[in-house]
Each structure stands twice: as C-alpha cells, then as structure tokens.
Amino acid sequence: MILYIFFFGLIAALLFTSGSGSGIDPATLSDEELYSILWNGFTSNIPGSIALILAFSLFGMFLQSFFTAGAIGMAKKASETGDTVFSDMFRSGSKNGFRLFLTNLMLALLFLAGIVFVVPGALAIGDLKSLIESPEMPVEGIGVLGIGILFWTIYLLVLNIVLSIAPYALVIDELDPLDALKTGYRFFKENKLDVFFIWIISVGLAFVNGLISEVLGTQSILISGITYFVPIFILQPLTAVLWTRLYLVGENRELYNPYDLLSDPEGF
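This write-up is about the structure you can find in this document. Note that this is a predicted model, so its numbers are computed, not measured.

**Remarks on the overall build of the protein chain**
And then number 1: What the protein chain contains, in helices and strands, is 12 helices and 0 strands.
And then number 2: When its helices and strands are written in sequence order, the protein chain yields α-α-α-α-α-α-α-α-α-α-α-α.
And then number 3: Residues counted as buried form 29% of the 268 residues belonging to the protein chain.
And then number 4: In the protein chain, the share of contacts with a sequence separation of at least 24, taken over all contacts with a separation of at least 6, comes to 66%.

**Considerations on the pattern of salt bridges**
And then number 1: Here the structure, examined in full by the defined rule, presents 6 salt bridges.
And then number 2: Residue Glu190 pairs with Arg186 through a salt bridge whose shortest N-O separation is 3.3 Å. Taken together, the residues Glu190 and Arg186, both in helix α9 (residues 177-190) and 4 residues apart, mark about one turn of the helix.
And then number 3: What makes Glu190 exposed here is its relative accessible area of 52%.
And then number 4: Assessed through its relative accessible area of 29%, Arg186 is described here as partly exposed.

**Section: the layout of surface pockets**
Empty space among the atoms becomes apparent when a probe as large as a water molecule is rolled across them.
And then number 1: By volume, the largest pocket is sized at about 1,800 Å³.
And then number 2: Counting residues per element, the ones that place at least two in the lining of the largest pocket are α1 (2-20), α3 (46-81), α4 (86-113), α7 (142-162), α8 (166-173), α10 (192-215) and α11 (221-250).
And then number 3: In terms of residues, the lining of the largest pocket owes the most to one element, α3, which gives 12 residues.
And then number 4: Space inside the second largest pocket adds up to approximately 210 Å³.
And then number 5: Taken together, Gly73, Lys76, Lys77, Glu80, Asp88, Arg91, Ser92, Lys95, Asn96, Val171 and Glu174 make up the lining of the second largest pocket.
And then number 6: Broken down by secondary-structure element, the contributors of at least two residues to the lining of the second largest pocket are α3 and α4.

Here is what the cut-offs are and how they apply
- Residues numbered from 1 in each chain as written.
- Predicted model: local features only at pLDDT ≥ 70, side-chain atom pairs only at ≥ 80, totals over all residues.
- Heavy atoms only, no water.
- Helix = DSSP H or I, 4+ residues; strand = E, 2+ residues; numbered from the N terminus.
- Buried < 20%, exposed > 50% of the residue type's maximum accessible area, 1.4 Å probe, protein only.
- Contact = heavy atoms within 4.5 Å.
- Salt bridge = Lys/Arg side-chain N within 4 Å of Asp/Glu carboxyl O.
- 1 Å grid on protein atoms, 1.4 Å probe; cavity = no way out; pocket = protein on both sides within 12 Å on 5 of 7 lines; lining within 4 Å.
- Points joined across faces, edges and corners; volume = space filled by probe spheres on them.

Written out as structure tokens, the structure reads:
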C-alpha cells in the first residue's frame, strides 16, 4: 500500500509538472482544470508514462508474489507442524517469489488471451469513439460486443477457478511455473467440488465485506475502516490457509493434529 501511494503521488506530480509547464499551485485549480492538466501531461509523454506504469506494475506484481509465496509458506508450516514464525515467510518468499511472479505473468497472459471474444464486436462497431461519446445512442454491433464481453467474463471465471490452486502447488512443492499450472489443472480435475467450494467461500466473503462497505461504510467511518482492513488481516490469511490445507489434504500429506497434545501434554 505504501508503494502504491508513493507511486501514484510520484506519477501525478510528474504529469502535473509536464502538463502545466509552469509553477502552478494545484490547490488553486478546480477538479476539471487539474484533470485537464494531468491528461495533457499524459498525452504529451505517452511512451514514458506507459513505460513507467508498466515497470511499476511489474515491480508491484513481484512484491505481491514475494509476500504471497511467504504467506503460503507460513500456512504450509503451520499446517504441518502447528507453528510458524515470520522468518518462514521471508524464507519461502525468497525461495519461491520469483517463480510465483513468472506464474502470475503467465496467468495474466492467459486471462488477456480472452480478449479474442471481444474482437468481433469491436470490429462490428468500427468506430468506438462514437460509442464512448454517446453511449445512449444505438450503435450497430453493440449486441455482438456485449456477447463477446459476456464470453470473456465466463472465460475469466472458469480459468480463475480451474487454476486457482496453481500458486499453492508451486510454493508447497517448489515447482516450476509450467509444472505448477499443470499440477493445478490436474488437482482441479480430481477435486472439482472441493476447489469450487473453497473458491465460493473466498469470493463470497470478499463480496459480503465489499457489500457491507458499500452499504454501511458511507454512513460510518468506523465501519468503513473495519471493512478496509478485514481483507488484509482476516480474509487474505484465512483464504491462504484454506487453499493450502485443501492442497495438502488432496495430496494426502500428513497434517498437524492439535489433539495429539491431549494424548501427551507433557511431550509439548
């Protein structure tokens, strides 16, 4: 979050400086004037702006992969031994972060490949500028575009479910990116209902939290703050543990049993 705040502040400052061309105080400008200056700064430096955004996106994806790999490593250690520490996160992140980053890149390309469903509709419309300027006006080919977007959405959902276990397989078994995708697909075929059930839980909890934030968060700063931090401190760790244990159980790995302490408390 700190990284994203820093980046957006930096890119806004660069675009404002480029678009204004002089020392103008942003506080004296209206929202429309400020947006116009930022847009002018972007259009006058399109190659540099795109390169900067792309480089930051890849760097952010790498950091996300590092900490995700670390979280999965902690969940694995806790599931197998009943205990984990933060050093397990850094150990797992440093060992698996780059390979998970490559896997996420491959997944992003697979998701982007679904754009082929939208191409026929875009070609049928021809000039997308008229659709953007007058969305209420009937445009020839809009139905084909809508169907294409629907198919792309279905494609994204199916791919997300089918390969949802791939990152966990990569970290837990220390696989290569391609082997992780193959293992994730194989695991889904053998455990379709279990994978779909955990996916529904993960998405459902996030949806409920977002709904509460949308309905009640606008009326209460406290609720808004709670729903903002719930995904970070509760939902993400919970889903990481659920997916990790699902994979370990599905692969018949031995898990830590807390009831063992009851049979031999002195051994603890």
